[in-house]
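Take a look at the letters that make up each chain.
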Amino acid sequence: MTVAGHNKSKILKIMSSKEHRKTTVKSLARAPAFAALGDKTRLSLVAELSGGESRSITQLTEGHKLSRQAITKHLLVLEDAGIVHSVQAGRQNLFQLNPKPFKEMKEYLAFVSEQWDDALARLKSFVED
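Residues numbered from 1 in each chain as written. Predicted model: local features only at pLDDT ≥ 70, side-chain atom pairs only at ≥ 80, totals over all residues. Heavy atoms only, no water.

This part covers the side chain of Ser56. Position of Ser56 among the secondary structure elements: in strand E3 (residues 55–56). Since its relative accessible area comes to 4%, Ser56 is described here as buried. With residues near it in sequence (within four places) discarded, Ser56 still touches Gln92, Asn93 and Leu94. (Helix = DSSP H or I, 4+ residues; strand = E, 2+ residues; numbered from the N terminus. Buried < 20%, exposed > 50% of the residue type's maximum accessible area, 1.4 Å probe, protein only. Contact = heavy atoms within 4.5 Å.)

This is how it looks when you write it as structure tokens:
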């Protein structure tokens, strides 16, 4: 079947390509980090930790209307996603930002952006021909 002189199977090939599968695998690997950052409280905790200093739960609770227990739950979600990690310092748990997931998310978003640019270029070529 042809559409405006182009083979329809070539257009649909995009959806079954190896690159599409790679994109899916990469997105699944980073899905917990993206999900964890989807909450405004967790995003604000990440912003507080982005200065590079380790912070205690008490320090991170300051300025929030949430209880210490609620902040702890949010930090555990971030920790499970690999975004922060805790370090025992005496009787306190100090939380630090882990930059690795952000680098991976940035690379993934650049990859997706490139895929969209390529798809739009193919669509433009298809429409203009």
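Picking up where we left off.
Bridge count between strand E4 (residues 84–89) and strand E5 (residues 92–97): 6 bridges; the pairing is antiparallel. Note that in E5 the partner of Gln88 across the bridge is Asn93. Connecting E4 to the next strand, E5, in antiparallel fashion are 2 residues, including Gly90 with a positive phi near 70°. (Pairing = 2+ DSSP bridges.)

As paired strands, E3 and E5 are joined by 2 bridges and run antiparallel to one another. Within the sheet, the bridge partner assigned to Arg55 lies in E5 and is Phe95.

Checked against the element boundaries, Thr61 lands in helix H4 (residues 57–61). We classify Thr61 as buried; its relative accessible area is 17%. Contacts of Thr61, omitting those with residues within four sequence positions, involve Leu66, Ser67, Arg68 and Ile71.

Now for the environment of Leu43. Its place among the elements puts Leu43 in helix H3 (residues 40–49). What makes Leu43 partly exposed here is its relative accessible area of 45%. C-alpha separation for the pair Leu43 and His74, spaced 31 residues apart in sequence, amounts to 9.7 Å.

A few words now on helix H5 (residues 68–80). End to end, H5 covers 18 Å across 13 residues, agreeing with the expected 18 Å (1.5 Å per residue, within 8%). Note on H5: the residue one or two positions beyond its end, Gly82, has a positive phi of about 80°. (Expected span 1.5 Å × (residues − 1).)

With that out of the way, let us pick up the nonpolar core. In this structure, Leu60, Leu75, Leu78, Ile83 and Phe95 are the most contacted members of the largest nonpolar core, which totals 16 residues. If we skip the residues at most four places from it in the chain, Ile83 touches Ala33, Ala36, Leu37, Val46, Leu78, Gln96, Leu97, Asn98, Pro101 and Phe102. (Core = buried A, V, L, I, M, F, W, Y, C linked by side-chain atoms within 4.5 Å.)

It is at 10 Å that the axes of H3 and H5 come closest, and there the two elements cross at 75°. Between H3 and H5, the crossing angle belongs to the class labelled roughly perpendicular. Here Thr41, Arg42, Leu45 and Val46 of H3 come into contact with H5, specifically with Ile71, His74, Leu75, Val77 and Leu78. Considering only residue class, the contact of H3 with H5 consists of 6 nonpolar, 2 polar and 1 charged. (Axes fitted to C-alpha atoms, helices over the stretch in contact; angles between N-to-C directions. Parallel < 35°, antiparallel > 145°, perpendicular 65-115°, else oblique. Nonpolar A, V, L, I, M, F, W, Y, C, P; charged D, E, K, R; others polar.)

With that out of the way, let us pick up H3. Turning to H3, its buried residues are Thr41, Arg42, Leu45, Val46 and Leu49. End-on, the buried residues of H3 take up no more than an arc of 140°, which puts them together on one face. (Arc of directions from axis to C-beta.)

With that settled, the discussion passes to the pattern of salt bridges. Under the counting rule described, the total for this entry stands at 3 salt bridges. Between Arg55 and Glu48 there is a salt bridge, and its shortest N-O distance comes to 3.9 Å. Looking at Glu48, the relative accessible area reads 25%, which means it is partly exposed. Its salt-bridge partner being Glu104, residue Lys100 comes within 3.8 Å of it at the nearest N-O pair. Of this pair, Lys100 and Glu104 both sit in helix H6 (residues 100–128), 4 residues apart, roughly one helical turn. Assessed through its relative accessible area of 27%, Glu104 is described here as partly exposed. (Salt bridge = Lys/Arg side-chain N within 4 Å of Asp/Glu carboxyl O.)

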